[in-house]
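# What the coordinates show
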Amino acid sequence: MASSPVSRVVYNGKRSGGPRSPGAGSEIFTPAHEENVRFIYEAWQCVERDLRSQAGSERGLVEEYVEKMPNPSLKAFKPVDLGDLKRRSTQDAKKS
């Protein structure tokens, strides 16, 4: 069975920096969880590198998925930065 050389990328946000480690008083992650996060982070770095290297090309290894008929009820959708949301939530908890 031959595999397709084209990957479909669906990503609705931005992530800056590398995988984050828990700080003092934060959640404790299992080694399996940390391995999964590292795997996903490294795989995404490869996708971003491939996207940058094929800039200007008509077709490369990575293809971005775009809806042919977008759902009209999602027209006003704005992605949420979960890291920012967590920071604000933590700051609000410290204030109260």
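Up top is the structure.
In this report, the structure presented in the accompanying data block is examined. These numbers were taken from a predicted model, which means no experiment stands behind them.

Right, let's talk about the overall build of the chain for a bit. Counting its secondary structure elements, the chain contains two helices and two strands. Traced from its N-terminal end to its C-terminal end, the chain shows the element sequence β-α-β-α. Here the chain holds 96 residues, and 7% of them are scored as buried. Intrachain contacts of the chain at a sequence separation of at least 6 include 60% that bridge at least 24 residues. A total accessible area of about 9,100 Å² is found for the chain, and carbon and sulfur atoms account for 56% of it.

Let's shift gears to the pattern of salt bridges. With the rule as written, the count across this model stands at three salt bridges. Residue arginine 49 is joined to aspartate 50 by a salt bridge in which the shortest nitrogen-to-oxygen separation is 3.6 Å. Ionic contacts of the salt-bridge type, sharing partners, join the residues Asp84, Arg87 and Arg88 into one network.

On the surface, Val80, Leu82 and Leu85 cluster together into a nonpolar patch covering about 300 Å² of accessible area. Secondary-structure assignment places leucine 85 in helix α2 (residues 82-95).

This part takes up α2. The end-to-end C-alpha separation of α2 is 20 Å, in line with the 20 Å expected for 14 residues at 1.5 Å each. Sitting at the head of α2, aspartate 81 places a side-chain oxygen 3.1 Å from the backbone nitrogen of glycine 83.

Bringing helix α1 (residues 31-53) into the picture now. Its 23 residues place the ends of α1 33 Å apart at the C-alpha level, agreeing with the 33 Å of an ideal helix rising 1.5 Å per residue. All buried positions along α1 are accounted for by Tyr41, Trp44, Val47 and Asp50.

In this section: the side chain of aspartate 50. The residue aspartate 50 is located in helix α1 in this model. Once residues within four sequence positions are removed from consideration, aspartate 50 is found in contact with Leu61 and Val62.

The rules we used
- Residues numbered from 1 in each chain as written.
- Predicted model: local features only at pLDDT ≥ 70, side-chain atom pairs only at ≥ 80, totals over all residues.
- Heavy atoms only, no water.
- Helix = DSSP H or I, 4+ residues; strand = E, 2+ residues; numbered from the N terminus.
- Buried < 20%, exposed > 50% of the residue type's maximum accessible area, 1.4 Å probe, protein only.
- Contact = heavy atoms within 4.5 Å.
- Areas by Shrake-Rupley, 256 points an atom, 1.4 Å probe, with all protein chains shown as cover.
- Salt bridge = Lys/Arg side-chain N within 4 Å of Asp/Glu carboxyl O.
- Patch = residues over 30% accessible without salt bridge, like charges linked within 9 Å, V, L, I, M, F, W, Y side chains within 5 Å.
- Expected span 1.5 Å × (residues − 1).
- Polar contact = N/O pair within 3.5 Å; in protein donor to acceptor, adjacent residues only side chain to side chain.

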